[in-house]
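# Inside the fold
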Amino acid sequence: MRRCLNIAWKDLRAEFRTKQMLNSMLLFSFLIVAIFGFAFGPYPERIERLAPGVLWVAFTFAGMLGLSRSFASEKEQGCLDGLKLCPVDRSAIYIGKAISNLILMFIMEGVTIPVFIVLFDYSIPNLGEIGFVVLLGTAGFVFVGTLLSALTVNTRTREILLPVILFPVLVPVIVSAVSATTKVLSGVLNILDELRILGTYDAIFFIVALLIFEYTIEE
Amino acid sequence: MISINGLSKVFGNNVALREINLKMKKSEFMALFGPNGAGKTTLIKIMSTLIAPTSGAVVIDGYDIREEAIEIRKRIGVISHETYLYEDLSAQENLQFYGRMYEVDDIEERVSDVMSEVGLSPRADDLVRTFSRGMKQRLSIARAILHDPPILLLDEPYTGLDPHAVATFDRILEKSDISNKTVVMTTHMIGRGIEMSDRVAILRSGEIVYDVPRGQIRDEKHFKSIYESCIGEEL
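Only a predicted model underlies this, so the values are computations on that prediction, with no experimental measurement involved.

### Some thoughts on the pairing of strand β3 (residues 29-33) of chain B
Residue and element names in this part refer to chain B. Within β3, 5 of the 5 residues are buried, which leaves the element mostly enclosed by the surrounding structure. Burial along β3 is two-sided: the residues Phe29, Ala31 and Phe33 and Met30 and Leu32 are all buried. Both β3 and strand β8 (residues 182-186) contribute to a ladder of 4 bridges, which runs parallel. Counted as the bridge partner of alanine 31 is methionine 185 from β8.

Next comes the structure, spelled out in structure tokens:
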């Protein structure tokens, strides 16, 4: 685990120095929320039906920018082989990358939600429950996205290919996360079914990724 | 120390290596020559566990490359034309990162030692992106020897270096106790390769077509004529 954290530390240290990915993610999520804000006006009716869509579109599309660079930057700097030469199980590379991607996603989401609150003049109820749904949804997004980012890193059209293959796989996460967010914002706190789907999805894809990651980064 | 038996590697329809057999003793330095596409890099990548062989066996320091890759990675240092260095980290941060990955004891002291060995201590806190190609390659040596591996695999390490940087690179390699290490170096620089090695081999179209002790080579000119007759092309 120490070496997984070491990989995450290295990624975050380089990222906080340049802020290339983080700035792009933040700007993109801000633009999405702002465009929806202009489209629906400051006091849209039934905002609790609108908010989940706006938020999850912002999270997933902005998150895609970060995921697509996760392994591409290693490849471009010629460091992927350096990582693969380290005497660790290849799954440690996956876990390290997933941790750094998760942290970047949480930072982006932590900025996007307040921006949404300000632009839509809306006070989000049940923040604890919303936070839990966002946590599970983001984990699913990152677990699958990190794996597919590694899978597409050796292709020439990786930036295009990643969203094309990622979004269909993400359907259960997005549907459950949006449904749970809608319920919580409407004051319905019985979201056990959605949480079950999210938790199961996260667990399955995390385990599958650990098992097959070695083969996905083979040349 | 290194034992390769019947090693073959096929990429689609392209046979990169054919039935390679090679044995190397401890502390032996082998220079491996061959034209582009001969399979030199593929051989180094297989020995360094980066790619899997199609068939055949590779045993390094008693460990099988398929079953015990992690043990092999602990015992090798790889220097290639790619430096494996992160441009947005400082020289010191790069070495600290790799030191932690290799679980090097007393990392701070070891990093400081290898930095001074490659003459980069004054630039320890500078970002790698501000380094020249020669400086990056020196730092790459520091990265490769950080965990004091008994085996060094050098894949065209002189690529992109000017003559001054080449001389500096050689000087640092000699200083890094290279005589006690088993080394395989692929290179196009015939003079350098012969000078440093105690065994020379030529790879052509995935096959080792020449493999003799360095003592059998009179001089660079002699080896060039052997190379040309093996490859069938003038240098």
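### Describing the sheet that holds strand β9 (residues 199-204) of chain B
Residue and element names in this part refer to chain B. As summarised here, the arrangement of the 6 strands in space is β6-β7-β8-β3-β9-β10, forming an open sheet in which the pairing is mixed. Each edge of the open sheet carries a strand with a single partner, namely β6 (76-80) and β10 (207-213). Between one strand axis and the next, the sheet turns through 15 degrees on average, direction left out of account. Strand direction decides the pairing type here: strand β7 (residues 151-155) and β8, joined by 5 bridges, are parallel. Bridging across to β8, leucine 154 finds its partner in methionine 185. Packed onto the sheet, helix α5 (residues 133-145) meets β6 and β7 and runs at close to 165 degrees relative to β6. Docked against the sheet, helix α8 (residues 220-231) engages β3, β9 and β10, running at close to 25 degrees with respect to β9.

### So, the nonpolar core
Counting 131 residues, the largest nonpolar core has Phe143(A), Leu147(A), Ala142(B) and Leu153(B) as its most contacted members. Sequence-distant contacts of Phe143(A), that is, excluding residues within four places in its chain, are made with Ala98(A), Asp202(A), Phe205(A), Phe206(A) and Ala209(A).

### Let's talk about the sheet that holds strand β5 (residues 63-64) of chain B
The pairing of strands in a sheet happens through backbone hydrogen bonds and is either parallel or antiparallel. All names here are of chain B. If you trace the 4 strands from one edge of the open sheet to the other, you get β2-β1-β4-β5, paired in antiparallel fashion. Two strands close off the open sheet at either side, each with one partner strand: β2 (14-24) and β5. Direction of pairing for strand β1 (residues 2-11) relative to β2: antiparallel, over a ladder of 7 bridges. Its bridge partner being in β2, valine 10 is matched across the sheet by valine 15. The strands that helix α1 (residues 40-47) touches are β1, β2 and β4 (55-60); relative to β2, the one it contacts most, it runs at about 60 degrees.

### Considering the packing of helix α3 (residues 47-76) of chain A against helix α6 (residues 127-152) of chain A
Residues and elements named next belong to chain A. Axis separation between α3 and α6 bottoms out at 9 Å; the angle between their running directions is 35 degrees. Remark: the crossing between α3 and α6 carries right-handed chirality. Taken together, the residues of α6 that come into contact with α3 (itself represented by Phe59, Thr60, Gly63, Leu67, Ser68, Ser70 and Phe71) are Thr138, Phe141, Gly145, Thr146, Ser149 and Ala150. Here the residues of the contact of α3 with α6 sort into 5 nonpolar, 8 polar and no charged.

### Considerations on the interface of chain A and chain B
Listed per partner, the contact involves 19 residues of chain A and 19 residues of chain B. Elements represented by at least two residues in the side of chain A that touches chain B include exactly α1 (2-18) and α4 (80-85) of chain A. The element best represented in the side of chain A that touches chain B is α1(A), accounting for 7 residues. Here the side of chain A that touches chain B is built from residues that sort into 6 nonpolar, 5 polar and 8 charged.

### Some thoughts on the pairing of β1(B)
Residue and element names in this part refer to chain B. Here β1 hands over to β2 after 2 residues, with glycine 12 in that stretch at a positive phi of 60 degrees. As judged from the 5 bridges shared by β1 and β4, these two strands associate in the antiparallel manner. Bridged to isoleucine 2 within β4 is isoleucine 60.

Analysis parameters
- Within each chain, residue numbers correspond to sequence positions counted from 1 in written order.
- Each chain takes a letter, starting from A, and each ligand takes a number, starting from 1, following the order in which they are written.
- Where local features are concerned, this predicted model is filtered to residues with pLDDT of at least 70; where side-chain atom pairs are given and counted, the filter is 80 or more; whole-chain, interface and lining totals use all residues.
- Here a residue counts as buried when 20 or more other C-beta atoms sit within 10 Å of its C-beta, as exposed when there are 12 or fewer, and as partly exposed otherwise, the C-beta atoms being derived from the backbone.
- Under the scheme used here, helices are H or I runs from DSSP no shorter than 4 residues and strands are E runs no shorter than 2 residues, and both carry numbers assigned from the N terminus.
- Strands qualify as paired when DSSP identifies two bridges or more between them.
- Only C-alpha atoms enter the line fits that serve as axes; for helices the fit covers just the stretch in contact. Angles between N-to-C directions range over 0 to 180 degrees.
- Two residues form a contact once the distance between their C-beta atoms, set from the backbone, is within 7 Å.
- For this entry, the nonpolar core is defined as buried Ala, Val, Leu, Ile, Met, Phe, Trp, Tyr and Cys residues connected by C-beta atoms within 7 Å.
- When the near helix sits turned anticlockwise from the far one by under a right angle, the crossing is termed left-handed; a clockwise turn instead gives a right-handed crossing.
- For this classification, Asp, Glu, Lys and Arg are treated as charged, while Ala, Val, Leu, Ile, Met, Phe, Trp, Tyr, Cys and Pro are nonpolar and the rest, including Gly, are polar.

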